[in-house]
Amino acid sequence: MRVSHHARRNALKDLIDVPAVTSDGVAIKLSANVGKVADAAMAAAFGAEGIGLYRTEFAFFAHAQFPTEEQQYQVYRTAADHVRPSNVVLRTLDVGSDKLLPYFPLPAEANPSLGRRGTRLLLGHPQILRTQLRAILRLSATHPVSLLFPMIGGVEEFTAARAAVESVKEELRREGQSFDPRIPVGAMIETPSAAVTARWIAREADFLSIGSNDLVQYLLTTDRTSMEMAAYYEPLHPAVIQSLKFVLDAAAAEGKTVSLCGEIAGNPAYTALLLGLGVTSLSVAPGEILEIKRVVCSLSMAAARQVAARALAAGTILEVKACIAGAPEPAPQREEIFQRRAVQRWRGEGGAGP
Ligand code: PEP
Ligand code: MG
């Protein structure tokens, strides 16, 4: 099974230099989700159009204490060098809940997944945020980078995060340090409140990025890391389909770009549906780029829109599934991937080094 998978990947290598364009001429941006520098090298090797999501947690998991500004700058820079001149979307530290840093003890909470996490947490620890923003802004002087804030709950959190960026810019200006004054600043849409207010968030943000892993978890109130709940964690739930459409339309109405970077972006069973809903930018694990490109090139937008129209009219998971050509990955395989990725990501066990 593993061997045939490997052979298929090798066959896909012919697609590395082929643009991701549907059979009726619509270009789809395919960028990579990266956690470690080695992923960035792989992203470049597979022809990714830059890094659509750099999970900076990994740079923190690789240390026994908070990495300094210089340590962060060096790691981000090495990753950015791999994909230069393409863009790197650096997501600020997303810890809290089940993503815990051993050297960052947080007060116990009865429901940590509903507690301090991501941007909320960092806004309460301005020194950690400031150090990271300084590293990223300094990198923006020489490399095309964007900033992305995770777990945004609404406009207020996003504007507070943007204000922190402005204040760090001011500090760097005073010190005579270079940075890109127009660095794009984006918001992740991965909570129901952000999805519902996406139109207003899009007005304040330079771009949006849909984090479907958390969006599904919070929309369906189902723990994404729980094996017991795996049957309930269903990206083809009509609530998810309607929310994706709502966010895509909101971004389009405000003239802002939106990318999708959750696991469903890298699952070929969802590609027609996602394109039909209006997704034009997908960020996926480096090893998934070529398979998704193969599907994109074989699809027509007319067919994709038909799939999406039927899915949008469906009121049950079964009806949505019936609209999708080809079954999604069988559940056991998906659960296994989930569990492996969750453990690697949250506990920093994906191997040594940033
Ligand atoms: C997501 O939630 O979809 C996402 C991309 O972020 P993470 O998986 O790192 O929480
Ligand atoms: Mg997330």
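To keep things clear, this report deals only with the structure shown in the data block.

Calculation notes
- Residues numbered from 1 in each chain as written.
- Chains lettered and ligands numbered in written order.
- Predicted model: local features only at pLDDT ≥ 70, side-chain atom pairs only at ≥ 80, totals over all residues.
- Heavy atoms only, no water.
- Helix = DSSP H or I, 4+ residues; strand = E, 2+ residues; numbered from the N terminus.
- Buried < 20%, exposed > 50% of the residue type's maximum accessible area, 1.4 Å probe, protein only.
- Contact = heavy atoms within 4.5 Å.
- Areas by Shrake-Rupley, 256 points an atom, 1.4 Å probe, with all protein chains shown as cover.
- Lys, Arg positive; Asp, Glu negative; His and termini not counted.
- Charge placed at Lys NZ, Arg CZ, Asp CG, Glu CD.
- Near = heavy atom within 4 Å.
- Polar contact = N/O pair within 3.5 Å; in protein donor to acceptor, adjacent residues only side chain to side chain.
- Nonpolar A, V, L, I, M, F, W, Y, C, P; charged D, E, K, R; others polar.
- Axes fitted to C-alpha atoms, helices over the stretch in contact; angles between N-to-C directions.
- Left-handed = near helix turned anticlockwise from the far one by under 90°.
- Core = buried A, V, L, I, M, F, W, Y, C linked by side-chain atoms within 4.5 Å.
- Donors = N, O, S within 2.8 Å, 3.2 Å for Na, K, Ca; no water.

### Quick notes on the overall build of the chain
Part 1 of the reasoning: In terms of helices and strands, the chain carries 16 helices and 8 strands.
Part 2 of the reasoning: Principal axes of the C-alpha set define a box for the chain whose edges measure 55 × 45 × 40 Å.
Part 3 of the reasoning: Each of the 354 residues in the chain was classed as buried or not, and the buried ones make up 52%.
Part 4 of the reasoning: Considering only contacts in the chain between residues 6 or more positions apart, those separated by 24 or more positions represent 70%.
Part 5 of the reasoning: Roughly 15200 Å² of accessible area belongs to the chain as shown, and the carbon and sulfur atoms make up 56% of that amount.
Part 6 of the reasoning: Each charge class in the chain was averaged separately, 37 positive and 36 negative side chains, and the resulting centres sit 2 Å apart.

### Points about the site of ligand 1
Part 1 of the reasoning: Around ligand 1, a shell composed of 16 residues is seen, among which Arg55, Arg91, Gly211, Asn213 and Arg224 lie nearest.
Part 2 of the reasoning: Between ligand 1 and the protein, one listed contact pairs an oxygen atom with a side-chain N or O atom of Arg117 at 3.5 Å.
Part 3 of the reasoning: Secondary-structure elements contributing two or more residues to the shell around ligand 1 are strand E2 (51-55) and helix H10 (212-219).
Part 4 of the reasoning: Of all the elements, H10 adds the most residues to the shell around ligand 1, at 3 residues.
Part 5 of the reasoning: Each residue belonging to the shell around ligand 1 can be placed in one class, and the counts come to 3 nonpolar, 4 polar and 9 charged.

### Let's talk about the packing of helix H6 (residues 126-140) against helix H7 (residues 155-175)
Part 1 of the reasoning: In contact at an axis separation of 10 Å, H6 and H7 are set at 65 degrees when each is read in the N-to-C sense. By crossing handedness, the relation of H6 to H7 is classed as right-handed. Where H6 approaches H7, its residues Leu129, Arg130, Leu133, Arg134, Leu137 and Arg138 are matched on the opposing element by Ala164, Val165, Val168, Lys169, Glu171, Leu172 and Glu175.
Part 2 of the reasoning: Taken together, the residues of the contact of H6 with H7 sort by class into 7 nonpolar, no polar and 6 charged.

### Quick word on the nonpolar core
Part 1 of the reasoning: In this structure, Tyr76, Leu208 and Leu282 are the most contacted members of the largest nonpolar core, which totals 103 residues.
Part 2 of the reasoning: Once you skip the residues sitting within four places of it in the chain, Leu282 turns out to touch Ile28, Lys29, Leu30, Ser31, Ser259, Leu260, Ala265, Leu274, Leu275 and Ile292.
Part 3 of the reasoning: In terms of nonpolar packing, the next biggest core, distinct from the first, is built from 6 residues, Val89, Leu148, Phe207 and Cys261 among them.

### Considering the coordination of the magnesium ion (ligand 2)
Part 1 of the reasoning: For the magnesium ion (ligand 2), the full set of protein donor atoms is Glu190 (OE) and Asp214 (OD), at a range of 2.1 Å. Of this pair, Glu190 sits in the loop between strand E5 (185-189) and helix H8 (192-196) while Asp214 sits in helix H10, and the two are 24 residues apart along the sequence.
Part 2 of the reasoning: According to the relative accessible area criterion, Glu190 is buried, its value standing at 2%.

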